[in-house]
Amino acid sequence: MRYSQTLIPTIKEVPADAEIISHQLMLRAGLMRKLASGTYIYLPAGQRMLNKVIQIVRKEMNRAGAQEITMPVIQPLELWQKTGRDIDYGETLGTFIDRHGRGNVLSPTAEEGFTFLASNEINSYKQLPMNLYQINTKYRDEFRPRFGVLRSREFIMKDAYSFHADEECLHKTYMQMYDAYCRIFERCGLEYVIVLAESGEMGGSGSHQFTVPCDNGEDVIVYTEDDKQAWNLEKAPADALPKQPAVEAAPAKNVHTPNTGKIEEVCAFLKLKPCQLIKTLIYRNGDDVMLALVRGDHEANPEKLTRLMDGARLDMAEEADIVKLTGAAVGFAGPVGLCDKVSKVFIDHGVAAMAVGATGANKTDYHTLNVVPGRDFPLEGENIQIADIRNAVEGDTYDGKKLLFKRGIEVGQVFKLGDKYSKKLGANFLDADGKQKSCLMGCYGIGINRIIASAIENGHDEHGMILPITIAPWEVIVTPAGKEEDVMAAAETIYRQLQTAGVEVLIDDRDARGGVKFKDADLLGIPIRVTVGKKTLAEGLVEFKLRTESDRSTLPLNTAAQKVAETVKDMKAKLNQPKA
Ligand code: ATP
Ligand code: MG
């Protein structure tokens, strides 16, 4: 392609509203432009990257035996009502009423659509397993779209759904997809970590997330110091913590603590450390109200609570419900006298291990001191459960190994879904034993746009993007650094030879100074630059430079194209060969 005829509107300045480097560089390199909050227009260079990522994903899906189809983005709300996900997705679900008064959903994911298809098309075990996928637009009305395409409202997802007669078959396909994901991320040149994830509300028995380590990531990766095991924060186990030695505690007593709804305020007022406080969180599931008790320095983990509720949905209780239950303003709830008024009390191991603590008094502006778990509120009983319900923190261990933390970007996730969707939508089949059964399902998602942003987060310097050759918009840029006729002619020749050799090449034929062209080539992250300059050309040479290196070398003009084509081939082969 010719630079002069391609829309690559690079920008020198850092765009003011782009907080992180990938967002800044995607705008600066002219890959995309913002249309509205969380929606982006892909320009030619960005579109080429999208196409290349999609092509890698498609190839690996096909290789893994998945079949490509296309599901409508607009789906009947009715289908979502059948699974209850019209409610579960909450305000993230984009919906509209059409002219006939029918409710429609803008697909944020497509379990419902694929299961609907399976319910009609799959009848017999002989058709199983079946693995179907699409690469299609998704819409999520994210509460806070940000970081460019990392969290946008509209994005492209590869989503696959597999159907099975039994667990063993599901597991086999799950592992095939797991392997395919490894190949995809390796071919895209990404560094990634696979973490065990919570399948929580999905109801399934297993899930893994593929996460690109990166300081700007919104996810937290928890891993053992020997690097042998990793989880996402939702799933990471927290220590049970040893029982503190019993103390001679005075009877519990209420003290006046004005203006102390927050942990820090209470601590400052009572001269206590957060770990000496018991936090009481109030959740709701329909009409049932539940308490969750964690230490003041710990965070409750909603996914762990959901798992303890067998996947049932938990919402934070509304202010009115809290006031009604505790008789106090929000921020003053405590377990003393409250446990028998609720259907369930989840107590974190850390709280159960406390010898004595302070907590809300169920009275506005009051806290209770000298609270002894087991004495002042029950640690046993029909509605009491002591469990791991908090996020792991620095200092926790697993199997005697220290837990470490780093941030990451989730680029893909695989799930075993079980029969949650097939049961609700009637995706049944007649098994070999003549019995009707629900299909077991797996689902597998990849964020195409996030792959691009993650690659940039991991590959850049002060001059711009440094892209893996497999996803760079062009493999080679030919830069004539001068306007002389022989310089232009030599550049054109190499350009044509590279095209003939099947290399994706851009020639910077703009009427611009060499320095300007080099800056844009660097910004665009094109892996190889071939520069034709007056001086070197006089010696029958051209200049060769890798984006990853600062050194330049020279190649004879007459064999330059062949040599560059070979280098491209080698660089691609390195990424395309899966690690053993
Ligand atoms: P997150 O936790 O980041 O919101 P998710 O777990 O809800 O993501 P999935 O439902 O697992 O996402 O979707 C599959 C993939 O789609 C994710 O792994 C991610 O790469 C991508 N994805 C999800 N939401 C967005 C978004 N708002 N913008 C861009 N990509 C997204
Ligand atoms: Mg996910």
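For the structure itself, consult the block above.
What counts, and where the lines are drawn
Counting restarts for each chain: residues are numbered from 1 in the order of the written sequence. Written order determines the labels here, with chains lettered from A and ligands numbered from 1. In keeping with the model being predicted, local features are shown solely for residues with a pLDDT of at least 70 and side-chain atom pairs are shown and tallied solely at 80 or more, while totals for entire chains, interfaces and linings include all residues. As a rule here, side-chain values come from all non-hydrogen atoms in the structure, and water together with hydrogens is ignored. Working definition: rings of Phe, Tyr and Trp (its six-membered ring) pair if their centres are within 6.5 Å, and the pair is stacked with planes under 30 degrees apart, edge-to-face with planes over 60 apart, and tilted otherwise. Only DSSP runs of H or I reaching four residues or more are called helices, and only runs of E reaching two or more are called strands; each is numbered from the N terminus. Burial classes follow relative accessibility: with a 1.4 Å probe on protein chains only, a residue under 20% of its type's maximum area counts as buried, one over 50% as exposed, and anything between as partly exposed. Counted as over-ring charges are cases with an Arg CZ or a Lys NZ within 6 Å of the ring centre that also lie within 35 degrees of the ring normal. Convention adopted: a line fitted to C-alpha atoms gives each axis, helices being fitted over their contacting stretch, and angles between N-to-C directions are expressed from 0 to 180 degrees. In what follows, roughly perpendicular refers to angles from 65 to 115 degrees, roughly parallel to angles under 35, roughly antiparallel to angles over 145, and oblique to any angle outside these ranges. What makes a crossing left-handed is the near helix being turned counterclockwise from the far one by less than a right angle; a clockwise turn instead makes it right-handed. By the convention used here, residues are in contact when the closest approach between their heavy atoms is within 4.5 Å. The criterion for strand pairing is that DSSP finds at least two bridges linking the strands in question. Near, as used in this document, describes a residue that has one of its heavy atoms within 4 Å of the molecule or strand being considered. Any N or O atom pair separated by 3.5 Å or less is treated as a polar contact, with the protein-specific requirement of one donor-capable and one acceptor-capable atom, and with residues adjacent in sequence counted only for side-chain atom pairs. In this description, accessible areas are obtained by the Shrake-Rupley approach with a 1.4 Å probe, and a residue is regarded as covered only by the protein chains that are shown. When residues are sorted by character, Ala, Val, Leu, Ile, Met, Phe, Trp, Tyr, Cys and Pro go into the nonpolar class, Asp, Glu, Lys and Arg into the charged class, and all the rest, Gly among them, into the polar class. Donors, by definition, are the N, O and S atoms found within 2.8 Å of a metal, the threshold being 3.2 Å for Na, K and Ca, and water is not counted, so a site can look incomplete.

In this section: the packing of aromatic side chains. Taken as a whole and judged by the stated rule, the model has ten aromatic pairs. Aromatic side chains Y181 and F210 sit 5.3 Å apart centroid to centroid with 55° between the ring planes, which places their arrangement in the tilted category. A residue pair is termed long-range when its members are at least 10 positions apart, and Y181 in helix 6 (residues 167-187) and F210 in strand 10 (residues 206-213) qualify at 29 residues. You'll find Y181 and F210 in the same group, each marked buried. Taking the centre distance of 5.8 Å and the plane angle of 50° together, the rings of F185 and Y192 count as tilted. For the pair shown, F185 and Y192 are each scored as buried. Grouping aromatic residues by their ring pairs yields a cluster made of Y178, Y181, F185, Y192 and F210. Positioned over the ring face of Y366 is K363, at 4.1 Å from the centre of the ring. Over the face of the ring belonging to Y174 we find K416, whose NZ or CZ atom lies 5.2 Å from the ring centre.

Contact geometry for helix 2 (residues 44-63) and helix 12 (residues 448-458): axes closest at 9 Å, N-to-C directions at 115°. Judged on the interaxial angle alone, helix 12 and helix 2 are roughly perpendicular. The chirality of how helix 2 crosses helix 12 is right-handed. Counting all contacts with helix 2, which are made through M49, L50, V53, I54 and V57, the residues of helix 12 involved are I448, N449, I451 and I452.

The next thing to look at is the sheet that holds strand 32 (residues 552-556). Read from one edge to the other, the open sheet built from five strands follows the order 29-28-30-31-32, with strand pairing classed as mixed. One side of each edge strand has no neighbouring strand; the edge strands of this open sheet are strand 29 (505-507) and strand 32. Geometrically, the sheet is characterised by an average inter-axis angle of 25° between neighbouring strands, direction not taken into account. Bridge count between strand 28 (residues 476-480) and strand 29: three bridges; the pairing is parallel. The residue bridging V478 from the neighbouring strand is I507, located in strand 29. Running over the sheet, helix 16 (residues 557-576) touches strand 28, strand 30 (528-532), strand 31 (541-546) and strand 32 and is turned about 125° from strand 32.

On to the site of ligand 1. Every one of the 14 residues lining ligand 1 counts as a neighbour, but R140, E142, R151, S152 and E410 are closest to it. Contacts to ligand 1 include G447, whose backbone N or O atom sits 3.2 Å from an oxygen atom. Within the complex, 84% of the 590 Å² of free accessible area of ligand 1 lies under protein. Of all the elements in the fold, those that place two or more residues in the shell around ligand 1 are strand 8 (154-164) and strand 22 (401-418). In terms of residue count, strand 22 provides more of the shell around ligand 1 than any other element does, four residues in total. Along the lines of polarity and charge, the residues of the shell around ligand 1 split into five nonpolar, four polar and five charged.

The next subject is the coordination of the magnesium ion (ligand 2). In the first shell of the magnesium ion (ligand 2), the protein supplies E410 (OE) and Q413 (OE1), at 2.1 to 2.2 Å from the metal. Accessibility expressed as a relative area gives 21% for E410, which makes it partly exposed. Accessibility expressed as a relative area gives 10% for Q413, which makes it buried.

Look at the link from L128 to P129: it is a cis peptide, with omega at 0°. Along the chain, P129 turns up in the loop between helix 5 (111-121) and strand 7 (130-139). You will see that D399, though not glycine, has its phi angle at about 55°, which is positive. Tracing the backbone through its elements, the reader meets D399 in the loop between strand 21 (397-398) and strand 22. For D399, a relative accessible area of 65% puts it in the exposed group.

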